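Architecture and fold: a report
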Amino acid sequence: AGDGAERLEVLAQRPARVRQALRVEGVRGSAEITHSNGGVTVLDASGYAIVATSNGDVRVRLLAVERGVPMSFITSNGDIDLTMPADVRATLLIDDSIPLRSEFPLVSSDANGAREPDRGRSRLRRLAVNGGGPTIRLFTNNGVVRFHRL
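Remember, it's a predicted structure, so these values are computed and weren't measured experimentally.

Quick notes on the overall build of the protein chain
Each helix and strand in the protein chain was counted, giving 0 helices and 13 strands. From first element to last, N terminus to C terminus, the protein chain shows the α and β order β-β-β-β-β-β-β-β-β-β-β-β-β. In the protein chain, which comprises 150 residues, the proportion classed as buried is 40%. Summarising the internal contacts of the protein chain: among those between residues at least 6 apart in sequence, 44% fall at separations of at least 24. Put simply, the protein chain shows about 8,600 Å² of open surface, and 47% of that area lies on carbon and sulfur atoms.

What follows is the structure in structure tokens.
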């Protein structure tokens, strides 16, 4: 593209019984990564990220965050380990059944403590980081979410 942006797209087929992790470093701009059978690590990226895997941990370290852009970090079977700059302004959207450990102070931004119903048995929480901002959706069926300061 003439705007200086580069796009890298990798498509690969491999036997389903082989579990391999995917690691990406130094992305500037956007990182949208979907993986089906292994962990995903995105390190020292700047901009925003959307990461999903069906069977593995999600580990993301963003050095700078694009303001105003929602992000999503999802795994069906693994932990989420997210590191962001100390001054990030965001609103976490997370199911109340998911264990969350945060180095950031979190303030419930749900009106009057009410939570949105989700799938009938659990509820979504909205937690403001540094006053709130764009939504960061965090989901795991079988893991813990850790949210670290850079």
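There's plenty left to go through after this.
Side note on the side chain of Asn37
Among the structural elements, Asn37 can be located in the loop between strand 2 (28-35) and strand 3 (40-53). We classify Asn37 as buried; its relative accessible area is 16%. In this structure the side chain of Asn37 is engaged in a polar contact, spanning 3.2 Å, whose partner is the side chain of Asn55.

Quick look at the environment of Leu63
Structurally, Leu63 is set in strand 4 (residues 58-65). The spacing of Leu63 and Met84 is 21 residues in sequence and 6.5 Å in space, taken between C-alpha atoms. Each residue touching Leu63, except ones within four places of it in the same chain, is listed here: Asp44, Ala45, Ser46, Pro85 and Leu150.

Here we look at unusual backbone geometry
Positive phi values are uncommon outside glycine, yet Asp44 reaches one of about 50 degrees. The residue Asp44 is located in strand 3 in this model. On the accessibility criterion, Asp44 (25% relative accessible area) is partly exposed. You will see that Asn130, though not glycine, has its phi angle at about 55 degrees, which is positive. Among the residues examined, Asn130 registers a relative accessible area of 30% and is labelled partly exposed.

Brief notes about the pattern of salt bridges
Scanning the model with the defined rule gives 3 salt bridges in all. Arg61 is the salt-bridge partner of Asp44, the closest N and O atoms lying 2.8 Å from each other. Linking Asp44 in strand 3 with Arg61 in strand 4, this pair joins segments that are 17 residues apart in sequence. A salt bridge links Arg146 to Asp79; the shortest N-O distance between them is 3.4 Å. One end of the pair, Arg146, is in strand 13 (residues 145-149); the other, Asp79, is in the loop between strand 5 (71-75) and strand 6 (80-84), and 67 residues separate them in sequence.

Considerations on the pairing of strand 5
Both faces of the sheet carry side chains from a regular strand, because those side chains alternate between them. The buried fraction of strand 5 amounts to 4 of the 5 residues, a majority that puts the element mostly inside the structure. Here strand 5 pairs with strand 12 (residues 135-140) via 5 bridges, running parallel. Considered in strand 12, the bridge of Met71 is made with Ile136.

Regarding the environment of Ala90
By the secondary structure assignment, Ala90 is in strand 7 (residues 90-95). Put simply, Ala90 and Gly133 are 43 residues apart on the chain and 3.8 Å apart in space, counted from C-alpha to C-alpha. Other than its neighbours up to four places away in sequence, Ala90 contacts Leu127, Ala128, Val129, Gly132, Gly133, Pro134 and Ile136.

Criteria and thresholds
Residues numbered from 1 in each chain as written. Predicted model: local features only at pLDDT ≥ 70, side-chain atom pairs only at ≥ 80, totals over all residues. Heavy atoms only, no water. Helix = DSSP H or I, 4+ residues; strand = E, 2+ residues; numbered from the N terminus. Buried < 20%, exposed > 50% of the residue type's maximum accessible area, 1.4 Å probe, protein only. Contact = heavy atoms within 4.5 Å. Areas by Shrake-Rupley, 256 points an atom, 1.4 Å probe, with all protein chains shown as cover. Polar contact = N/O pair within 3.5 Å; in protein donor to acceptor, adjacent residues only side chain to side chain. Salt bridge = Lys/Arg side-chain N within 4 Å of Asp/Glu carboxyl O. Pairing = 2+ DSSP bridges.

In short, shape yes, function no, at least from these values alone.
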